[in-house]
Amino acid sequence: MFGDLFEEDFSFISNNHCGKGKKSKTRDSEPPAPRDFTNLSGIKNQGGTCYLNSLLQTLLFTPEFREALFSLGPEELGILDDSSKPDAKVRIIPLQLQRLFAQLLLLDQQAASTTDLTESFGWNSHEEMRQHDVQELNRILFSALETSLVGTSGHDLINRLYHGTVVNQIVCKECKNISERQEDFLDLTVAVKGVAGLEEALWNMYVEEEYFENENLYRCGACDKLVEASKSAKLRKLPPFLTISLLRFNFDFEKCERYKETSCYTFPIQINLRPFCEQTEMDDSEYMYELFSVIIHKGGCYGGHYHVYIRDVDELGNWQLQEEEDRLIEDKALRDTENANEVENPLVVLKGILSEEESKQIPVDQLGQKLLEKKGVSWNKKYRKQYGALRKYLQNHPHIFQFSPDENKVGLKEKHKLLLKSDSQGQDLQSSPQRNGVRWNSEKKPTRLRDSSAGCHWFDLNDSKVQPIKEKDIEKQFQGKESAYMLFYRKSQLKRPPEARGNPRYQIPEHLLNEMNAANTELQKKRAECDSANNGIDLHLHLSSCYKFHNGALHPSLTWKESVVDLTIDRRKTLGDLRQSVFQMLESWEGDVILSIAKPLPAGLHLYQILDGDELTLDGVGLADGADVFVWNGKEVGGTKVMTGPDHEPVVVNVLRLAEYNEGGKGQHFTESQHVFSRSTKLADMRRALAPSGGIILKNGSGPDKEAKNWEVFLEEDMKETVKSAGLTDGCSVLILDSHDQSFVNVSSGNLTAFAYDISWLQVKNLCRTEDEEKHVKITATVDTVMSDIRMKALRELQLEEELANDSCLRPVSGNGKLLSPVPEDYTVKEAELKMGSLLGLCRGKAPTSTQLFLYFIVGSDQNASPEMEIVVEETASVKECLNLMLEKSGLSGDNWHLRRLDWCYEAGEALSRERAALRQILTSVLCFLFLQNATLKELNVCRGDTLVITEGKLPPKGFLKIPIWWFKSWSHKNHGENAQDQVNGMTCQMDALQVSPAGGELDQALKGIVWNDCP
């Protein structure tokens, strides 16, 4: 199945494709997660390597194999760094296996990678994704290791630990001659079908005899004839580690298909192999084996998943079942609650005070004073309301407290003193509380979680996941689709040295210890950096000394960059830590440091709640990455009192008024200005501010982001409303009509009766590649507003008036984001066919006049290969002049070019032609191109925004036509052997011979006069 899975060219000869010589795969920048509470490391699944992971974990938790491998030093195996040297002898597989075992034991990561190991096998990504049989992998891996270790002190490592022998005997019934054959094994394969368990299978294999009798006789070499005989097998030599493979997969010859045997198959935790051995005289300890690993297969015969149950012989992991952890946590929480209740119980408090006194009794008044000193609060303030006076409370508990004869002193009765002393001693003897998770430190012995079943610590190692299990959980793997597949036993007499218990560093070579220590240091560094990056937040601190308050909001007195200080801080730190950091930054600050949440609004910076509670974390108070924090004294800024909170948010309102004269020249009849009001401002106050001499206010009912054609009048009863309740938000518009303008409004219905309902907005986005290129502004306009006025308003809003006043234009932006042709400056919104709410781009360059055409053009018919270019030409320009301008702009030269239109399929269509329409009426089946160099673009109906294609090729000169003609010969006139397909001739003829009259008859006469050559 595996083929050349482990071929390595004798392994000890290094190859550049093995080990570190091969470029490692890309790894995530995120550092791996640390180990969980079990303190054991899993192995990452590369896609289909669960079988490999299970076997590697079994070998790792075979201490004798692990230590034998670690005993081979660089002087025998070589160094991985030398693997790229052609003459170096580097035994890649054992070196990578050593390194992987060291990582699994010492590296603080949740799961190790087998990439380097599988690369040393010569595996490619296909092998990593393909699942194999774990039993066959076990045999081939052992074979590869043996080959790699030839010539080293570990050449017999596999045989020393796993090699056993079986002897097969045939005994002649007549001469008693014994014929035997010895077989070596590294693992035993036992039947599952029809067998109740492992012991029965071994009994059938090594105790039951097979008889040769009747017609099935055996030829004895000594007797030289067919005789009756018995055949049996015995275990002659037992290995220290016994590997048993269960034949779960069988073949059904009736159905001709494989299947998995899922029946119940038991196996013991301890097994005595004496009945199955040839030699039975030794002590029982020589035959006793203990189960320490069970590789489990889940699935069917054509695929599935492997994981392994392993007994932690050296107790390297922290074994604690989850339900027991939960119980411990619940018990601790219950004890904490009880302790808290006891602290509040005055009986417990008083008993504690009296038990600490050396004298038997103290005055009652002194007891009250000691209570005040210990709890920081007097009896009368904390307990009197619920329990009454102190003396009375003591008298109500005569079984605990004992008074003096004059009742001025009080003390504890003797039995309660003894109880308190025993309780305190018991608490001192208790071990410190255990934590669920143990932080790994390769330098120190990890904290251990004790349990009642020491030495029987079983874990389920399922790729990256490791969790503790109970020994009885193994019984669940006796049967079913998820059941035991391989069993690993170790001799019971194999004892581990005490120094190996709980010590993952035991017997690991010094160079690997140093490598793992360095790797752990690097991991901690990366985790600290990652932790800082994940939990660090950037705060923008706005200093009050750099701000002034005007027009309802805070504005920087300097530039924005000079007014803001950026601070990076861990979100898990407290507000007190932030306040301290700010105070250290502001050396000259005097007075309290108050921090408030701030938010930039269109009107300016506004303050919200004050951050309070220095013990709270920054995450807890809601400070996120990029938050704005204002640093001030909490009262005023620059001598002006600042109102904070959402109710006082400033709102920017566009205020429209009717103009006294026609400002735009084509119907613009209003002026526009911006005003700021607090959300709590009443409409009556806003009306007094905007129309002090009286008037009415109208609000657009459609909202700022829609085409506004519904204006509503604020009636007198609405004047009690606030800006917030009236629905006025940033960017909305109100129309102010003075008393002499109110004739336009039917106040009773609240509707406008004149032009004002057409007032709406156009959005303008700055695309001039300046600092504000992403900024949008909303320009109020009507259908009669001139485009030049809209552009100038946008420039003023964007503060680009000086820079781009004479070098900018407005271009509509299509739904897919494409810039359309610029709109002429003297067009109105209606003439430009713009819808209210449309998005316009403010671009560099002058807009075309009404007599100019803005055209797109490409070179060639492939739009993907040729970028789309733009040009502005006079509509009276000829086709030739337009072509020359386009050739010049695209960097082309020569006269072997012509222009074509881009048709509706976005392909090069017909050439520009004056005669095209007339010719179509005459030659309906003839495709022809006329090119008239002197025709103007206007005459050819070229419109603004059209796309033309510069096509290579020279068209016929003026006065000539190029007509493709299909000449048809009837079948009867076809010469022998001549091709039957139509023959085509391209012919150029004098156009004077084809003068076309309205009747069209001259064309027929001209065609009759042409001599048609029958040429190929």
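Above this note sits the structure.
**Q** Any chance you could explain empty space enclosed by the protein here in plain terms?
**A** The gaps of empty space that remain are located by a probe, the size of a water molecule, rolled over the atoms. Taken as a whole and assessed by the stated rule, the structure comprises five cavities of 30 Å³ or more. Looking at the largest cavity, its volume works out to about 70 Å³. Every residue lining the largest cavity is counted, 12 residues in all, and those nearest its centre are Arg35, Asn39, Leu40, Leu104 and Leu105. Where the lining of the largest cavity is concerned, the elements lending two or more residues are α1 (50-60) and α4 (92-106).

**Q** Which parts of the structure should I look at to understand the pairing of strand β20 (residues 465-469)?
**A** Within a regular strand, side chains alternate between the sheet's two faces. Bridge analysis of strand β19 (residues 458-462) against β20 gives five bridges, and the strand direction is antiparallel. Across the sheet, Trp458 pairs through a bridge with Ile469, a residue of β20. Once β19 ends, the chain turns through two residues before running back antiparallel as β20, passing Asp463 with a positive phi of about 55 degrees.

**Q** Is there a simple way to explain the side chain of Thr936 in this structure?
**A** Its location among the elements puts Thr936 in the loop between α24 (916-922) and β46 (947-952). The class of Thr936 is buried, set by a relative accessible area of 17%. Among residues more than four places away in sequence, those in contact with Thr936 are Glu875, Thr876, Ala877 and Ser878.

**Q** So what exactly am I meant to see when it comes to the packing of α1 against α4 here?
**A** Helix-helix packing: each pair is described by the crossing angle between the helix axes and the interaxial distance. Where α1 contacts α4, the axes come no closer than 11 Å and their chain directions differ by 80 degrees. The angle between α1 and α4 falls in the class roughly perpendicular. Side by side, α1 and α4 meet where Leu56, Gln57, Leu59 and Leu60 of the first sit next to Leu97, Leu100, Phe101, Leu104 and Leu105 of the second. Of the residues belonging to the contact of α1 with α4, the class tally is eight nonpolar, one polar and no charged.

**Q** Explain unusual backbone geometry to me, please; I cannot follow it from the model alone.
**A** Note: most peptide bonds trans; most residues except glycine with negative phi. One non-glycine residue, Asn39, lies in the positive phi region at around 65 degrees. Given a relative accessible area of 1%, Asn39 falls into the buried group. At Cys256, a position not held by glycine, the phi torsion is positive, near 55 degrees. If you trace the backbone, Cys256 turns up in the loop between β11 (249-252) and β12 (257-260).

**Q** Got a minute to help me understand the sheet that holds strand β40 (residues 808-812) in this structure?
**A** Strands in a sheet are paired, the pairing made by backbone hydrogen bonds, and the direction either parallel or antiparallel. In space, the four strands of this open sheet follow the order β39-β38-β41-β40, with mixed pairing throughout. Edge strands, defined here as strands with exactly one partner in the open sheet, are β39 (776-781) and β40. Neighbouring strand axes in the sheet, compared pairwise and without regard to direction, differ in orientation by 35 degrees on average. The sheet contact formed by β40 and strand β41 (residues 839-844) spans five bridges and is antiparallel. Counterpart to Ser808 in the pairing with β41 is Arg844. Running at roughly 140 degrees to β39, helix α21 (residues 787-797) makes contact with β38 (760-766), β39, β40 and β41 of the sheet.

**Q** Can you help me understand the sheet that holds strand β4 (residues 178-185) in this one?
**A** Ordered by their spatial adjacency, four strands build an open sheet running β4-β3-β9-β6, and the pairing between neighbours is antiparallel. In the strand order of this sheet, the two ends are held by β4 and β6 (210-212), each with one partner. Adjacent strand axes in the sheet meet at a mean angle of 25 degrees, parallel and antiparallel pairs treated alike.

**Q** For this particular structure, what's the right way to read the environment of Gln674?
**A** Along the chain, the position of Gln674 falls in strand β32 (residues 670-678). Setting aside chain neighbours within four positions, we find Gln674 in contact with Val652, Val653, Asn654 and Glu797. Of the polar contacts made by the side chain of Gln674, one reaches the side chain of Asn654; its length is 3.2 Å.

**Q** Help me understand helix α19 (residues 575-585), please; the structure alone is not making it clear to me.
**A** The periodicity of an α-helix, 3.6 residues per turn, causes residues three or four positions apart to be oriented the same way. Three or more residues of α19 are buried, namely Leu575, Leu578, Arg579 and Val582. All buried residues of α19 project into a common sector of 100 degrees when viewed along the axis, lining one side. In this structure, the buried residues of α19 make contact with β22 (536-543), β25 (564-570), β26 (594-601) and β28 (628-632).

**Q** Please clarify how the pattern of salt bridges should be interpreted in this entry.
**A** Where charged atoms from two side chains of opposite charge come close, those side chains can pair. In this structure the tally under the stated criterion is 30 salt bridges. For Glu315, the salt bridge is made with Arg501, and the minimal N-O distance between the two is 3.0 Å. Taken as a pair, Glu315 in the loop between β15 (303-311) and α10 (322-344) and Arg501 in the loop between β21 (482-491) and α17 (510-535) lie far apart in primary sequence, 186 residues in all. Judged by its relative accessible area of 43%, Arg501 falls in the partly exposed class. Here Arg572 makes a salt bridge to Asp531, at a shortest N to O gap of 2.2 Å. Here Arg572, found in the loop between β25 and α19, pairs with Asp531, found in helix α17; they are 41 residues apart in sequence, far enough to count as distant. Accessibility expressed as a relative area gives 44% for Arg572, which makes it partly exposed. One network of salt bridges, with partners in common, ties together Arg66, Glu67, Asp314 and Arg496.

**Q** When you look at the packing of aromatic side chains in this model, what are you seeing that I'm missing?
**A** How two aromatic rings sit relative to each other is given by the distance of their centres and the angle of their planes. Taken as a whole and judged by the stated rule, the model has 18 aromatic pairs. An angle of 80 degrees between the planes, with centres 5.6 Å apart, marks the rings of Tyr547 and Phe630 as edge-to-face. Of this pair, Tyr547 sits in strand β23 (residues 547-550) while Phe630 sits in strand β28; the two residues are 83 residues apart in sequence, bridging distant segments of the chain. Here Tyr547 matches Phe630 in class, with each residue buried. The structure contains a cluster of three or more aromatic residues connected by ring pairs, namely Phe65, Phe101, Phe142, Tyr162, Phe241, Phe292 and Phe488. Directly above the aromatic system of Tyr856 lies the positively charged group of Lys818, at a separation of 4.7 Å from the ring centroid.

Criteria and thresholds
- Residues numbered from 1 in each chain as written.
- Predicted model: local features only at pLDDT ≥ 70, side-chain atom pairs only at ≥ 80, totals over all residues.
- Heavy atoms only, no water.
- 1 Å grid on protein atoms, 1.4 Å probe; cavity = no way out; pocket = protein on both sides within 12 Å on 5 of 7 lines; lining within 4 Å.
- Points joined across faces, edges and corners; volume = space filled by probe spheres on them.
- Helix = DSSP H or I, 4+ residues; strand = E, 2+ residues; numbered from the N terminus.
- Pairing = 2+ DSSP bridges.
- Buried < 20%, exposed > 50% of the residue type's maximum accessible area, 1.4 Å probe, protein only.
- Contact = heavy atoms within 4.5 Å.
- Axes fitted to C-alpha atoms, helices over the stretch in contact; angles between N-to-C directions.
- Parallel < 35°, antiparallel > 145°, perpendicular 65-115°, else oblique.
- Nonpolar A, V, L, I, M, F, W, Y, C, P; charged D, E, K, R; others polar.
- Polar contact = N/O pair within 3.5 Å; in protein donor to acceptor, adjacent residues only side chain to side chain.
- Arc of directions from axis to C-beta.
- Salt bridge = Lys/Arg side-chain N within 4 Å of Asp/Glu carboxyl O.
- Phe/Tyr/Trp six-rings, centres within 6.5 Å; stacked < 30°, edge-to-face > 60°.
- Lys NZ or Arg CZ within 6 Å of the ring centre and 35° of its normal.

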